Amino acid sequence: MSSGFASRLYRGEANLNIVGRRKLWFMVAGGVMLVSLLSLFIIQFTLGIEFKGGNEFQIPTKVGSLSQVEQAVDEAVHRANPGVGDIHAGQQIGQGASGVYSIRTPQLDDEQTKAVHNEIVGKFGLDTNEVSDSRVSSSWGKGVTDQALISLLVFLAAVTVYLILRFELRMAAAAVASLLFDLVVTAGVYTMSGFEVTPSTVIGFLTILGFALYDVVVVFDKVQENTRGITGSSTQTYAEATNLALNQTFMRSINTSLVALLPVGGLLFIGAGLLGAGTLKDLGLVLFIGMGVAVYSSLFFATPVLVWLKERDPAIMNHTRRVLTRRTAAAKARSEAAKAGAEGTSAPVQKKVAETVAPKAGAKPVRPSRPGGQPARSGGGRSGGGRSGGKKR
Amino acid sequence: MVWFSGPSKAGWEDRLHPRLGLDLVGGTRVTLTAVTKDGNPPNAGDMEQARQIIQTRVDARGVSEAQVVIEGNDKIVISVASRADDAIKDVGQASRLFFRKVIKITDGGEPAAAAPTPSAAPSAPAAPQASATPTPQASGGGGSAAQPSATPSPTASAAPAATPSPTAPAARADKRILTEDELRKKVGDQPWEAAKALTAPPTDQPTIDLLKPFSTLGEEFEVAGLSPEMQFNVPWITCVKLNKRIPGAIQDPAQRAVACQGNSKMYMDVAKVAGTDISNAAPQIDQQTGQRVVSFDLTGPGQNKWTDLTREAYNNSGDPKCDQTALGDQQRCLVAVVLDNFIVSAPEIQGVLTSSSQITGKFTPQEAKQLADNLKFGALSVSFDEAEHKTVTATLGAEYLRAGLLAAGIGMLLVIIYSFFYYRLLGSVIFLSLILSGVLTFGMLVFLGKVMGFTLTLAGIAGFIVSLGVAADSFVIYFERLKDEIREGRQPKSAVQRAWQRARRTILTANAISLMAAAILTIFSSGPVAGFAFALGIATLLDLIVVFLFRYPIMAMFANTPAFLSPRVSGLGRVMREAKETN
């Protein structure tokens, strides 16, 4: 009952070797990053009316309902300039006879504006001067964007300091690297979707800031717990301890992500897709991509980066070498013991010992099994074996 | 799904509800039209700068999610969700502030009507003599009979004159200030020459009668075209008329200017200190007088200029000297605080001022705050005509709101189903906490809407619902910890305790980061970003409150019930069985 993969995953015993394959993950991340950057530079953001400005047409309300007017303007705009983005939902300004519908469209040049103007006039049988058109500036000034970018930088600096205090330098670096990865990839994928950037997009994007680090913190917390005082023992390398932490938090990450993504998915697919509340789609999309990428990066990017950085730390480097040396020594000892056994030199007793101890990295039977001598080598094996006995299930 | 459908359907007309944004309920659209002296549209750079300053002003007035755009090349359109126009009244005011030394003062009332009255007394109808002027003599030099002037009390009187006064549209056929030649043609050569020759307001009736044609000049563009000296010396140019000059008529600091305080017409020197020299301003109550004042700090160079100006006024040195008519009680010069076309106050300078100072005036609390804000955020280099207000309907409206809420509700329902499936009975803790968070968040939105005008757009609503999903994450962290502990063979009671201690650290770290993001965005950003970040920060705090004050106690309670351990109900049963097997 408890031996299926899902069940092992659930218990954190699935032994997914994520850290070990970090080259693969780096390649995947590098590829995704490259594609995102390319898309950012080549496709670029399609900025909405709020950022770029546009045109406004005012049409008297007597011509009919708002949706009729919206449809007419939309058609006219797309006839004048097929490549242009969507028009904005219209509004009625004022009431009664002087009431007008105001409809904002993406930026049109003078000729296109005239064409749209004429088409609307013709369609509703109005006088030319009954429809007014004017250029509308952006409502989201450069200042707002600049300030948002400044706050992003301040946040990155502050969160780095916080993570250094709370964890340590390398963990902070890995976490911030994964946050940057999230942001770049989210932006890149968003450009690829071809959706317009609206204020909602920016707000959604900034919402990700807090969330993207949530999962990373969860995983790193466990990593910190598993690797506390790791250099004091020689049973596990840093990479292995980290991988174990990843496995132990795997289900947790999946669960938190699912719980956070479900409402966003609802927003995106039901709200924007089925019910047609179009303004929700940009927010829904940016959140969905951002949170999805955050889940991926906390598991497959942040932790491998952490291990990669850690392996540059001399203390960890030494420790890893020590663990591996001991392990190869043990393995060598084992195989030689086996060989010795096969040669029939000495006793089944020793062979049995070798077998029982085999799964642990320690190796007791070294000394007796080497009849040929080289006692110097066996010293390391012994001491290692002694300590490995301490490991319990 | 449960928590918001109630208030969203039934409540929002009659009961407590959050303030909804422009996109959902519509609002007011205010159009400001730029006016310029030459009738040409202002340049695009100035318009964009004006747009940004107006945006800042609107935001500072607690109207969030206001949209400010430039329409065409001379209009600024402000759309806000509130229906009350007061909130954004006067945001188009240029707020160009200058400090000018007052050189001469005369009565700004209508001179006694024409010939029939032989009396030479230019007494104005409204008690010009009533003033308690300590002026010892008539005056020196040319200003012989400027006597009837109502010298302003040193502490100011005129209301800050915030409103660009309404103008008669009829007089605006040609929207530019007339040149001197054109004006000369209008009033006739003789009166023009007579006016030009004046060095002080005339006292003899024939001259006054001769100048009569000046009374026919239109206020907005014609009076404003006269030289400051003529505006001052011709008695027919009354304060009523001067107050109706086009906005921005006296905004050149390098020229002398005439403006009124109450009914006193003041002839003022070039502006030696300007609003741009002010680094910070705040409304305050003067400790001694109990009057509302706007205190201000000056920039480094501004402080020097201010010190120089006050020294000049205090010693009546400088060129030109103040006229006798323009000296205060203690024989010191007055310095007028001129805001756009109006004098806010003209106090007598009681000493050389070397530090921050105050502007006195009869301010209401709102006016004081508004003046301070306007000084702080900078003046507009473009002047705007009276605002035009119109209501606008929602761009999205109720059906979109319902669609969004329904979609998010379905998403939340999925979360709840998932948590019941995965955590069984513990799912109910998640469920209850989500309801609690939802109610608290909703309450907070209502509160913020009332207190600081926080308005919710559709995107904002979506964002909050998402934040609730993120809040549910902390449960997963805790429950998974709990499973770990039980798997290690702990009894439920102690497991609840231990898991809480460990999960708490993780949850606090993660939430601290969210809070940090919210705080930094609130402080360093502006407009919609700051508003949204602020509210999201509060939502995170509420999540922490729910986690600490609700979830932990309820889990401790659960740990005492037998159902908690039953595999069918709690989702922990399997873990416990496994724990038994392995140990």
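That block above? That's the structure.
Residues numbered from 1 in each chain as written. Chains lettered and ligands numbered in written order. Predicted model: local features only at pLDDT ≥ 70, side-chain atom pairs only at ≥ 80, totals over all residues.

A. Summary view of the sheet that holds strand S8 (residues 278–285) of chain B. Residues and elements named next belong to chain B. The 3 strands lie next to each other as S8-S9-S12, forming an open sheet whose pairing is antiparallel. Where the open sheet ends on each side, the last strands, each with one partner, are S8 and strand S12 (357–360). Strand-to-strand twist of the sheet, defined as the mean angle between neighbouring strand axes without regard to direction, takes the value 30°. Taken together, the 4 bridges between strand S9 (residues 292–298) and S12 define a ladder with antiparallel strand orientation. Note that in S12 the partner of serine 295 across the bridge is glutamine 358. Where helix H10 (residues 365–377) meets the sheet, its contacts fall on S8 and S9, and the angle it forms with S8 comes to roughly 170°. (Pairing = 2+ DSSP bridges. Helix = DSSP H or I, 4+ residues; strand = E, 2+ residues; numbered from the N terminus. Axes fitted to C-alpha atoms, helices over the stretch in contact; angles between N-to-C directions. Contact = placed C-beta atoms within 7 Å.)

B. Region of the structure containing the sheet that holds strand S7 (residues 264–274) of chain B. Residue and element names in this part refer to chain B. Within the open sheet, the 5 strands sit side by side as S6-S7-S5-S10-S11. Their pairing is antiparallel. Each of the sheet's edge strands pairs with one partner strand only, and the pair in question is strand S6 (257–261) and strand S11 (342–345). In this sheet, neighbouring strand axes are inclined to one another by 50° on average, regardless of whether the strands run parallel or antiparallel. Relative to S7, S6 runs antiparallel, the two being bridged by 5 bridges. Counterpart to alanine 257 in the pairing with S7 is methionine 268. Packed on one face of the sheet, helix H9 (residues 300–315) meets strand S5 (97–107), S7 and strand S10 (335–339) and runs near 145° to S7.

C. Local environment of the nonpolar core. Residues Ala175 of chain A together with Val102, Ala259 and Met266 of chain B are the most contacted members of the largest nonpolar core, which totals 236 residues. Ranked by residues supplied to this core, first place goes to helix H10 (residues 279–310) of chain A with 19 residues. Phe57, Ala72, Ala80 and Ile120 of chain A belong to the second-largest nonpolar core, a separate cluster that totals 17 residues. (Core = buried A, V, L, I, M, F, W, Y, C linked by C-beta atoms within 7 Å. Buried ≥ 20, exposed ≤ 12 C-beta atoms within 10 Å, placed from the backbone.)

D. Just unusual backbone geometry, in detail. Located in the positive-phi region is glutamine 44 of chain A, a residue other than glycine, with phi close to 65°. By the secondary structure assignment, glutamine 44 of chain A is in the loop between helix H2 (22–42) and strand S1 (46–47). For glutamine 44 of chain A, a count of 10 C-beta atoms within 10 Å corresponds to the exposed category. Unlike most non-glycine residues, asparagine 316 of chain B shows phi in positive territory, near 50°. Residue classification places asparagine 316 of chain B among the partly exposed residues on the basis of 15 C-beta atoms within 10 Å.

E. Broad picture of the environment of glutamine 366 of chain B. Residue placement: glutamine 366 of chain B occurs in helix H10. The spacing of glutamine 366 of chain B and proline 283 of chain B is 83 residues in sequence and 9.2 Å in space, taken between C-alpha atoms.

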